[in-house]
Number of protein chains: 2
Amino acid sequence: MNFQERKKKILTALDDAESLTVFELAEILEASPATIRRDLGDIAEEGLLVRTHGGAMKMENPALTGFSEKSGVNSPVKEQIAEKAASYVQDGDIIFLDCGSTVFQMCRYLKKKSIRVITNSLPILAELIDVPSIQINLIGGELNKARKAVHGDKAVQHINGYHAHKAFIGVDGLSAENGLTAHSEHESSITTAFIRNAGQVMLLCDASKIGRDSYVKFAELSAIHTLITDADTAKTAALQQSGLNVEIAG
Amino acid sequence: MNFQERKKKILTALDDAESLTVFELAEILEASPATIRRDLGDIAEEGLLVRTHGGAMKMENPALTGFSEKSGVNSPVKEQIAEKAASYVQDGDIIFLDCGSTVFQMCRYLKKKSIRVITNSLPILAELIDVPSIQINLIGGELNKARKAVHGDKAVQHINGYHAHKAFIGVDGLSAENGLTAHSEHESSITTAFIRNAGQVMLLCDASKIGRDSYVKFAELSAIHTLITDADTAKTAALQQSGLNVEIAG
DNA sequence: TTACTTTTGATCAAAAATAATCAATATTGA
DNA sequence: TCAATATTGATTATTTTTGATCAAAAGTAA
C-alpha cells in the first residue's frame, strides 16, 4: 500500500472515530508504527488532521484548509518551486501572496520567519493564522467560493492601499511573445494589483505553463523580477533572452 | 488519553457545569490532579477558560476558537436572541454581521435565506462559505488573530465603501445614560462603521449587558433601530423611555 | 491578627512516544 | 537489464508526558 492509499484510509478512519492511536492505525492499515508516524506527520503538515502524542485527532474545520484536498496530490515540483521562492523571504519582509496552489505551498517554508503577509487567499490565511511570528492582512472584497479567495474591484482598490517588499504570484501562461496570461479577468486584475504595489515580483511557474498562452494578457515580462521554475534552460532560453532573471528550483 | 483529548473533554464538561474542581475533573478524565492542573494552566493561557483556586470556570466570551466555532459555548439565551434577529432578515437583503458570539449564532438561522452577507468575522465566513444561497463579502484589513476578525483603519474605510439594508451588531455594555460601550477601540470603530452604513441597525444584547457600561463610548441609543434581548421589561424600561424599540426574544 | 487547611508549582524518576539512523526491499528511469 | 532513488520496518537515542512528593503560597476559621 502506498502513501496516498494510506492517507485516504487514515482520513476515512479518523472521520468515523474521533481520534485514533498510532497502534490502532498500524493495525488497520497493516503497516508498522514507524510508517504510521511518518504518514501522520506528513498529513498533519498538510493540515488535514491534528497530531497528538500517541496518535491523531480529526480536524474540526477542514473547510478552509482544503487546498491540498482540492488539488489532489501536491507535486514535488511545486514544493521545490515553493521552497526556493520562500528562500527569498527575509525576516521583516512584508509580502503579497497570490492565490494559487504553488504559492500556497510556500506556507510550509514561511512558518519559521517573522514577516507580514498580505493575501486574498483563504487557504493561506487558514494555514498561517496560528503562526505567532507572522502577521496577516486580509484583502477584502467579494468572496469567490470556488477559489476560496477574495476578488473584485474593492479588492483591487484595497491592494492599492498597500505596498509590499515582495510579491509572489502565479500565472496560467507565460511566453516571451505574450508575457503573462490568465484565463480569467478576475484573477488577473488581482495579480496585476500585486505587481503594481510590490518592490520585487517573483513569479512561481512550473514547466508546463512556460511557452503556453492563456487568453487574458495582463502583464509584460518586464514586470517580473525573477521567475522561479523547474523548467530546464532549453525552455527558459527565450525568456532569459528577453531579459528575465530565471531561477531553477530543485 | 492525551492532552488534546483531555482539553476537548474539559471544555465540554465546563460547558455543562458552570465550574468544576480539579478533583472532579481528575475523576471525569481518569487522570491525576497534577495532570489536570497542568492542563488547566495551558488551556487558561489560551484564554478558553478561567483558572480558579481549586478548579476552573467557564469563560463567558471565549476567543473564537478555530475558524468554525463548533458547539462549545452557545447558551440557549444567545440562541433565542439570534433566532429572533435572523427573523428580521428577508431574501434579497444585504446585511452586515459584526463579530461576536451572539451574532455568530445567527448563522444557523440564516442558512435557508438568499442574502448577501458582509462581515469581518472569520468564524461567520467559515460557517457560511458552503451555503450556496448566501454570497459573502469579506471586510479586509489587519487580522486580529485572537478575535478571528479583521479590524483597523483599512477595514473601516472598506466598510464605508458598502451600504447594507441591515446591520446586526453586538456590544459590551448598554445603558440609557451612556448608550453603547465597548472594551476596545478597535472593535468599536468597526461597529461604528457598520452602524453608519446600514439602513437599519439591530443590536443583539443579552440581559447581562444591559445597564452595564464598558469604557469606550461609541454610539448613542438613537443610532439603534431595534434592540433584541432576553431581558425583561423592568430592565429595558429606561431604554424604551429613551425611545428605543425593544424586542424580547424567547 | 494567628493557626490551620488546601492548593499550587517545582522537581524528579518512570514510562511512553517519538525522531533519527540504518539495512533491506521495492520502485523508477535510463 | 542495471543503477539510482524511494520506501519501509527494526533498532536505538532522545524527547515528552505523567504521577508522586514536598515546600511555599493562598485561602479559611478562630
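Only a predicted model underlies this, so the values are computations on that prediction, with no experimental measurement involved.

The next thing to look at is the protein's contact with DNA strand C. Residues in contact with DNA strand C amount to 15 residues; listed here are only the nearest, A:R37, A:R51, A:G54, B:R37 and B:G54. At 2.9 Å from a phosphate oxygen of DNA strand C is found a side-chain nitrogen or oxygen belonging to B:R51. Sorting the residues of the surface near DNA strand C by element identifies β2 (49–52) of chain A together with α2 (22–29) and β2 (49–52) of chain B as the ones contributing at least two each. Looking at the surface near DNA strand C residue by residue, the classes come out as three nonpolar, eight polar and four charged.

So, on to the domain arrangement of chain A. In terms of domains, chain A is made up of domain 1 (3–60) and domain 2 (68–248). A separation of 32 Å is found between the C-alpha centroids of domain 1 of chain A and domain 2 of chain A.

A:R6, A:T35, B:R6, B:T35 and B:R38 are the nearest of the 13 residues found near DNA strand D. For DNA strand D, the backbone portion of the atoms within 4 Å of the protein, that is sugar and phosphate, comes to 67%. For DNA strand D, a phosphate oxygen lies 2.5 Å from a polar atom in the side chain of A:R6. Of all the secondary structure elements, the ones that give two or more residues to the surface near DNA strand D are α3 (33–45) of chain A together with α3 (33–45) of chain B. Looking at the surface near DNA strand D residue by residue, the classes come out as three nonpolar, six polar and four charged.

Our focus in this paragraph is the pattern of salt bridges. In total, this model carries 17 salt bridges over all chains according to the counting rule given. Among the ionic pairs, A:E187 bridges to A:R147, the shortest N-O distance being 3.2 Å. Of this pair, A:E187 sits in helix α9 (residues 185–196) while A:R147 sits in the loop between β7 (141–144) and β8 (149–151), and the two are 40 residues apart along the sequence. Using a relative accessible area of 18% as the deciding quantity, one classes A:E187 as buried. Here B:R108 makes a salt bridge to B:E79, at a shortest N to O gap of 2.7 Å. Of this pair, B:R108 sits in helix α5 (residues 101–110) while B:E79 sits in helix α4 (residues 76–86), and the two are 29 residues apart along the sequence. Owing to a relative accessible area of 46%, B:R108 belongs among the partly exposed residues under this scheme. Given a relative accessible area of 18%, B:E79 falls into the buried group.

We now examine the pairing of strand β7 (residues 141–144) of chain B. In this structure, strand β6 (residues 134–138) of chain A lies alongside β7(B), joined through two bridges in antiparallel fashion. Bridge pairing in β7(B) places A:N137 opposite B:E142. Across three bridges, the pairing between β7(B) and strand β8 (residues 149–151) of chain B is antiparallel. Along β8(B), the bridge assignment pairs B:L143 with B:V150. The hairpin turn running from β7(B) into β8(B), its antiparallel successor, is four residues long, and B:K148 in that turn takes a positive phi close to 50 degrees.

Cut-offs and rules
- Position numbers for residues start from 1 in each chain and track the written sequence from start to end.
- Both sets of labels track the order of writing: A upward for chains, 1 upward for ligands.
- Owing to the predicted nature of the model, reporting of local features is limited to residues with pLDDT of at least 70; listing and counting of side-chain atom pairs is limited to 80 or more, with chain, interface and lining totals taken over all residues.
- Side-chain calculation: all heavy atoms of the structure are included, whereas hydrogens and water are not.
- For this purpose, a residue is taken to be near a molecule or strand whenever a single non-hydrogen atom of the residue falls within 4 Å of it.
- As used in this structure description, the phrase polar contact means that two N or O atoms lie within 3.5 Å; if the pair is within protein, one of them must be able to donate a hydrogen and the other to accept it, and residues adjacent in sequence are counted only when both atoms belong to side chains.
- Going along the chain from the N terminus, every DSSP run of H or I of four or more residues is numbered as a helix, and every run of E of two or more is numbered as a strand.
- Following the grouping adopted for this structure description, the nonpolar residues are Ala, Val, Leu, Ile, Met, Phe, Trp, Tyr, Cys and Pro, the charged ones are Asp, Glu, Lys and Arg, and the polar ones are all others, Gly among them.
- Note: domain ranges come from an automatic or database domain assignment.
- For this document, the term salt bridge refers to a Lys or Arg side-chain nitrogen within 4 Å of an Asp or Glu carboxyl oxygen.
- Summary of the burial criterion: residues with accessible area below 20% of their type's maximum are buried, those above 50% are exposed, and those between are partly exposed, where the area comes from a 1.4 Å probe applied to protein chains only.
- Only strands joined by at least two bridges in the DSSP assignment are considered to pair.

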